[in-house]
Amino acid sequence: MASITVQLPSKSYEIAIAPGNLDKLGQKMQPLNLGKKVLLVSNPEIFGHYGSRAIASLQQAGFDVSHCTLPAGEQYKNFQTLNNIYDAALAHRMERSSTMVALGGGVVGDMTGFAAATWLRGLNVVQVPTSLLAMVDAAIGGKTGVNHPQGKNLIGAFHQPRLVLIDPEVLKTLPVREFRGGMAEVIKYGTIWDAELFAKMENSQELDEINHLTPGLLEEILIRSCQSKADVVEKDEKESGLRAILNYGHTIGHAVESLTGYTMVTHGEAVAIGMVAASRLAVELGMWDEQSDRRQLALIEKASLPTRLPSGLDIEEILVSLQTDKKVKAGKVRFVLPTGVGVVKITDRVSADVLRGVLTGMG
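Reading the values: the criteria
- Residues numbered from 1 in each chain as written.
- Predicted model: local features only at pLDDT ≥ 70, side-chain atom pairs only at ≥ 80, totals over all residues.
- Heavy atoms only, no water.
- Domains from an automatic or database assignment.
- Contact = heavy atoms within 4.5 Å.
- Buried area = accessible area lost by both parts, 1.4 Å probe.
- Salt bridge = Lys/Arg side-chain N within 4 Å of Asp/Glu carboxyl O.
- UniProt positions renumbered as here; feature names shortened; annotations may be inferred.
- Helix = DSSP H or I, 4+ residues; strand = E, 2+ residues; numbered from the N terminus.
- Polar contact = N/O pair within 3.5 Å; in protein donor to acceptor, adjacent residues only side chain to side chain.
- Buried < 20%, exposed > 50% of the residue type's maximum accessible area, 1.4 Å probe, protein only.
- 1 Å grid on protein atoms, 1.4 Å probe; cavity = no way out; pocket = protein on both sides within 12 Å on 5 of 7 lines; lining within 4 Å.
- Points joined across faces, edges and corners; volume = space filled by probe spheres on them.
- Nonpolar A, V, L, I, M, F, W, Y, C, P; charged D, E, K, R; others polar.
- Expected span 1.5 Å × (residues − 1).

A. Structural detail: the domain arrangement of the chain. For the chain, the assigned domains read domain 1 (2-173) and domain 2 (177-361). The C-alpha centroid of domain 2 is placed 25 Å from the C-alpha centroid of domain 1. At the interface, 35 residues of domain 1 touch 35 residues of domain 2. Taking both partners together, domain 1 and domain 2 bury about 2,800 Å²; carbon and sulfur atoms supply 67% of that area. For the domain 1 face of the interface with domain 2, the top three residues by lost area are Leu132, Val136 and Lys152, together amounting to 22%. The tally of links from domain 1 across to domain 2 stands at four salt bridges. The partner of lysine 143 in a salt bridge is glutamate 239, with the nearest N and O atoms 2.5 Å apart.

B. The arrangement of the UniProt feature "binding site: Zn(2+)" (unreviewed entry) in the chain in detail. Residues annotated in UniProt with the feature "binding site: Zn(2+)" (unreviewed entry) correspond here to Glu185, His250 and His267. These annotated residues cover 83 residues of sequence, and their C-alpha atoms lie no more than 9.9 Å from one another, placing them together at a single site. You can see glutamate 185 is positioned in helix α6 (residues 176-192). With residues up to four places along the chain from it excluded, the contact list for glutamate 185 reads Leu133, Val136, Asp137, His250, His267 and Val271. Within polar-contact distance, the side chain of glutamate 185 engages the side chain of lysine 188 at 2.9 Å. Position of histidine 250 among the secondary structure elements: in helix α9 (residues 250-259). Histidine 250 sits in the buried class, given a relative accessible area of 5%. Excluding residues within four positions of it along the chain, histidine 250 makes contact with Glu185, Lys188, His267 and Val271.

C. Local environment of empty space enclosed by the protein. For the coordinates displayed, the defined rule picks out three cavities of 30 Å³ or more. For the second largest cavity, the calculated volume is near 50 Å³. Asn247, Tyr248, Gly249, Thr251, Ile252, Gly274, Ala278, Leu281, Phe335 and Val336 are the residues that line the second largest cavity. Within the residue set of the lining of the second largest cavity, elements represented by two or more residues are α9, α10 (267-284) and β10 (335-340). Here the lining of the second largest cavity takes three residues from α10, the largest share from any one element. Class assignment for the residues of the lining of the second largest cavity results in six nonpolar, four polar and no charged.

D. Layout of α6. With 17 residues, α6 extends 25 Å between its outermost C-alpha atoms, agreeing within 8% with the 24 Å of an ideal straight helix rising 1.5 Å per residue. Burial analysis of α6 places 13 of its 17 residues in the buried class, the great majority of the element.

E. Inspection of the environment of histidine 67 at higher detail. Among the structural elements, histidine 67 can be located in strand β4 (residues 64-69). We classify histidine 67 as partly exposed; its relative accessible area is 40%. Along the chain, histidine 67 and glutamate 185 lie 118 residues apart, while their C-alpha atoms are 29 Å from each other. Leave out the neighbours within four places in its chain, and histidine 67 touches Leu39, Leu40, Phe47 and Ile55.

Shown next, in the form of structure tokens:
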């Protein structure tokens with residue numbers, strides 16, 4: 001289907017997108033000089049679907065493979081769970097030349113990447129995302145991390161993968177809710193970077209199930225989203241400037257996730273809520289117009305994603321939670337706000353009163 005290269009000063013890597021890629025995992029890793037020992041990290045459900053195929057491919061290519069599974073869910077993205085990977089790495093006698101392979105969604109990818117960044121001060125990591133959200137976002141760019149009880153992804157490291165291998169066929173077993181969560185990130189790319197992708201989604205009747213997308217649109221979504229992420233990461237690998245635009249919808253979204261204990265809403269659902277809020281903030285500040293706000297809202301609704309805050313969430317608690325966001329600078333919360341479809345701006349000029357008003361309207 002496609003091969004996208006993420007060009008970085010220190011280390012470039014391929015995003016390989018094609019049906020059937022899972023069975024070529026070992027073959028794709030072979031020329032990368034990754035060492036013989038491989039630790040495959042997954043969760044029980046994903047491992048049940050695809051673990052044997054991934055291991056068989058790796059073993060056929062001559063790798064010495066071990067595996068471990070992590071409990072599924074954002075609420076388990078913590079140091080206690082991380083120790084499962086470290087214990088497996090120790091038991092498998094992983095060396096600095098060894099490789100961890102993340103087979104799963106964003107949680108598995110983030111935790112495996114962080115474990116690889118920190119075990120023996122840095123091992124290779126290969127990302128094999130199995131959710132739409134991970135394919136278009138989490139697996140690309142080298143952001144890794146675990147959650148702190150007070151906030152999402154406050155503990156982490158930049159650690160670029162050696163390869164990102166995407167097999168669209170694994171999306172057939174993805175739960176509908178998780179597919180919709182991934183669409184939130186795709187809509188994000190349309191709003192912040194790719195007006196053509198935004199328009200293509202507008203032309204689709206429905207976006208809420210994989211079966212409702214034409215094969216051509218799914219291919220466009222994967223390729224254009226991955227290319228958007230690669231473009232931004234190439235320009236700003238460690239988020240010193242431009243890369244912060246990828247956090248569109250995430251500022252309020254992360255607060256919603258954290259305050260609901262990572263159990264009430266998925267990451268993608270929280271991002272959708274955050275994008276609705278950011279769009280309305282932009283309207284309030286005169287940065288973009290009501291028609292554009294309605295266009296984005298229509299896409300979010302077309303993907304059957306939430307557009308209102310979860311019931312019972314205290315708005316004042318959201319305001320307090322925002323102060324622990326990673327994007328706070330000099331004590332001011334920085335928001336990514338749209339100025340046109342495909343264009344956003346980072347600003348710290350959002351007053352508490354304006355924010356409170358927007359959030360109250362979303363209750």
